[in-house]
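In case you want the letters, here they are:
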Amino acid sequence: MAMLTVRNLPDAVHRALRMRAVTHGRSMEAEIRHILESAVAPEGRVKLGSLLADIGREAGLTDDELGILNQVRDPTPSRPVSFE
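Note that the structure is a prediction, hence the values are computed from the model and not measured. (Residues numbered from 1 in each chain as written. Predicted model: local features only at pLDDT ≥ 70, side-chain atom pairs only at ≥ 80, totals over all residues. Heavy atoms only, no water.)

1. Focus on the pattern of salt bridges
Stage number 1. Applying the stated criterion across every chain yields a total of four salt bridges.
Stage number 2. The shortest N-O distance in the salt bridge between Glu31 and Arg26 comes to 2.7 Å.
Stage number 3. With a relative accessible area of 0%, Glu31 lands in the buried category.
Stage number 4. Using a relative accessible area of 31% as the deciding quantity, one classes Arg26 as partly exposed. (Salt bridge = Lys/Arg side-chain N within 4 Å of Asp/Glu carboxyl O. Buried < 20%, exposed > 50% of the residue type's maximum accessible area, 1.4 Å probe, protein only.)

2. Here we look at the side chain of Glu31
Stage number 1. Positionally, Glu31 belongs in helix α2 (residues 28-40).
Stage number 2. At 2.6 Å, the side chain of Glu31 and the side chain of Arg20 are in polar contact.
Stage number 3. Setting aside anything within four residues of it in sequence, one finds Glu31 in contact with Leu17, Arg20, Ala21, His24 and Arg26. (Helix = DSSP H or I, 4+ residues; strand = E, 2+ residues; numbered from the N terminus. Polar contact = N/O pair within 3.5 Å; in protein donor to acceptor, adjacent residues only side chain to side chain. Contact = heavy atoms within 4.5 Å.)

Taken by themselves, the reported measurements are silent on function.
Written out as structure tokens, the structure reads:
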């Protein structure tokens, strides 16, 4: 893991970070890590599960239609691709 040193941090910012950490029940170091991770996380990132759920809602399948799809679907697990 990389380390980061921040110099010349104003006292007011240091106090605010300490208070924010206490409020969230974290150490100051953990709070700063959380702030930095949040700051660089991609905006509007959609997680795969949410995307799949949205597609299912848009399709508007009924439970009966879904049951039919499950009956004709091949239940055999797929084999991983071999690159050798």
